[in-house]
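Fold and contact review
Each chain, letter by letter, is given below.
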Amino acid sequence: MVHRHAVTGRRAALAALGALVATGLPSAVAAEPAPPAGPLPSAAQTLGADRPSAPMLRALERDLGLTPAQASRRLVNEAEAGTRAGRLRNALGTRFAGAWLRGTTAQELVVATTNTADVPAIKAQGAKAAVVKKTLRDLQAAKKKLDGAAARANTGDTPLWYVDIPANRVAVQARSKAAAAAFVKAAGLDAKSVGVTVTAERPRLLADLTGGDPYYINGSARCSIGFSVTKGQQQGFASVGHCGKKGDTTTGFDQAQQGTFQASTFPGKDMSWVAVNDQWTATANVKAEGEQKVQVTGSVQALVGAAVCRSGSTSGWHCGKVEQHDASVSYAEGRVDGLTRTTVCAEPGDSGGPYVAGVQAQGVTSGGTGDCKSGGTTFFQPINPLLSAFGLTLKTAPAAAAAPQANVVQTWAAGRVYEAGATVTHGGVRYRCLQTHQAQGVWVPTRTPALWQRV
């Protein structure tokens, strides 16, 4: 349905891991000078996971079968686990093979490595260790081979492929075993190393050509607003590329003139943004159930296994879990890479709508299978690549001001999107990013150990 990774180095690595086991924290942190005055916030406090909204908690209770206390605990556990996973990723380096969450309240963080010598270091961080054969880089390289094969062949019968981190393999969804075997062979991969699921289902784009809110394209087709953004002084919102092309005009839920698509990418990626006129005001709000709202405070990427909720103009407010990142989907209208797969349901017309984890923006609805009556699977375009590609700033709720940093020359900068593992300089000190996010003004590295580690 149309609408849108020498011996000396080895010794050094082991020494670093030894320090990690001894202290429970990476050695670089132990050497860090005293932080600025005042206690540093925990990961949950930094990300707002300790103060969830009532609509978020109720939806988690309903869709994940949690009690109110379990829903609250899950959000805190997810936030804290993200920081621990980031520190372990930095410590393990190329041996890192991914991280994911397990348990009713996400109480178990699992971190994978290809070397048994890393197990004590992982346990020292309160995580469960999984020793596997392939590093995350190995899996990503295999996924790229599938991407290459997809560029040379028709993927109508192999509509989905992705890195399955918990299973330590790449996976393919196909309409038949023969189709999957041919696709895997074309990619030059060992069939035994690829997980295959056979199903007649094919993900579809979730948009609707019948009327409805909240916004219309060229007076007819309907999609859902994602997140409010700004570019300089211009206000607007993020959506998906299959909803409209550059130059297409939009009207709002009330059919009032609204804005124009400034950029749109589809297929390849599924991203766009619309600049609105002065009758519309960008807010940090995401519509939840009824007239209630959730306010986003940032865009820190959630781990596999984390809870995520979605809002859409057709099916409303629903929750589920993150299953995989970096999935490739072959829709009838074209292939899209870099999507995140979830267990959240959605229906036509929900395209473009926002996904949030706690109060952190995750992405905008691209497509899926099933519906909200029988259940389904959905895919979203992650928000951070969208912000980076179009030079946008996510509109977020106000937060407490950071401690002033006088006369400091910074290379870290608010508004930039930083990937996990990226390094910056702030106040003459180098830091490594722990979790992918767009930097907020109050999230300076010296005050956010949830997001940055001194190196």
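Source: prediction; values computed, not measured.

This part is about the environment of Asp 138. Looking at the element boundaries, Asp 138 is found in helix 7 (residues 136-152). Within the local environment of Asp 138, its side chain forms a polar contact with the backbone nitrogen of Thr 135, the two atoms lying 3.0 Å apart.

A few words on the layout of surface pockets. For the second largest pocket, the calculated volume is near 800 Å³. Mapped onto the lining of the second largest pocket, the elements with two or more residues apiece are strand 11 (234-239), strand 15 (285-287) and strand 17 (307-312). Residue contributions to the lining of the second largest pocket peak at 3 residues, all from strand 15. Counted by class, the lining of the second largest pocket contains 10 nonpolar, 15 polar and 5 charged residues.

When its volume is computed, the largest cavity comes out at roughly 160 Å³. Lining of the largest cavity is provided by 16 residues; of these, Leu 47, Glu 78, Ala 79, Ala 357 and Gln 360 occupy positions nearest its centre. No other element matches the 4 residues that helix 5 (residues 68-92) contributes to the lining of the largest cavity. A class-by-class count of the residues in the lining of the largest cavity yields 9 nonpolar, 6 polar and 1 charged.

Turning next to the pattern of salt bridges. Applying the stated criterion to the full structure yields 11 salt bridges. A salt bridge links Arg 74 to Glu 78, with the nearest nitrogen and oxygen atoms 2.7 Å apart. A residue pair is termed a helical-turn pair when its members lie 3 or 4 positions apart in one helix, as Arg 74 and Glu 78 do in helix 5 at 4 residues. We classify Arg 74 as buried; its relative accessible area is 2%. When the shortest N-O distance is used, the salt bridge between Arg 310 and Asp 350 registers 3.6 Å. Of the two residues, Arg 310 sits in strand 17 while Asp 350 sits in the loop between strand 19 (334-342) and strand 20 (354-357), which places them 40 residues apart along the sequence. Arg 310 sits in the buried class, given a relative accessible area of 0%. Each of Lys 143, Asp 147 and Asp 326 takes part in a single network of salt bridges with overlapping partners.

Turning our eyes to something else, we now look at the confidence of the model for the protein chain. Of the residues in the protein chain, 87% have a pLDDT of 70 or more, and the chain-wide mean is 87. The model gives residues 1-34 a pLDDT under 50, and that stretch makes 71 contacts with residues more than four places away or in other chains. Scored below 50 in pLDDT, residues 207-213 shows 26 contacts in the model against residues more than four places distant or in partner chains.

The rules behind the values
- Residues numbered from 1 in each chain as written.
- Predicted model: local features only at pLDDT ≥ 70, side-chain atom pairs only at ≥ 80, totals over all residues.
- Heavy atoms only, no water.
- Helix = DSSP H or I, 4+ residues; strand = E, 2+ residues; numbered from the N terminus.
- Polar contact = N/O pair within 3.5 Å; in protein donor to acceptor, adjacent residues only side chain to side chain.
- 1 Å grid on protein atoms, 1.4 Å probe; cavity = no way out; pocket = protein on both sides within 12 Å on 5 of 7 lines; lining within 4 Å.
- Points joined across faces, edges and corners; volume = space filled by probe spheres on them.
- Nonpolar A, V, L, I, M, F, W, Y, C, P; charged D, E, K, R; others polar.
- Salt bridge = Lys/Arg side-chain N within 4 Å of Asp/Glu carboxyl O.
- Buried < 20%, exposed > 50% of the residue type's maximum accessible area, 1.4 Å probe, protein only.
- pLDDT = per-residue confidence, 0-100.
- Contact = heavy atoms within 4.5 Å.

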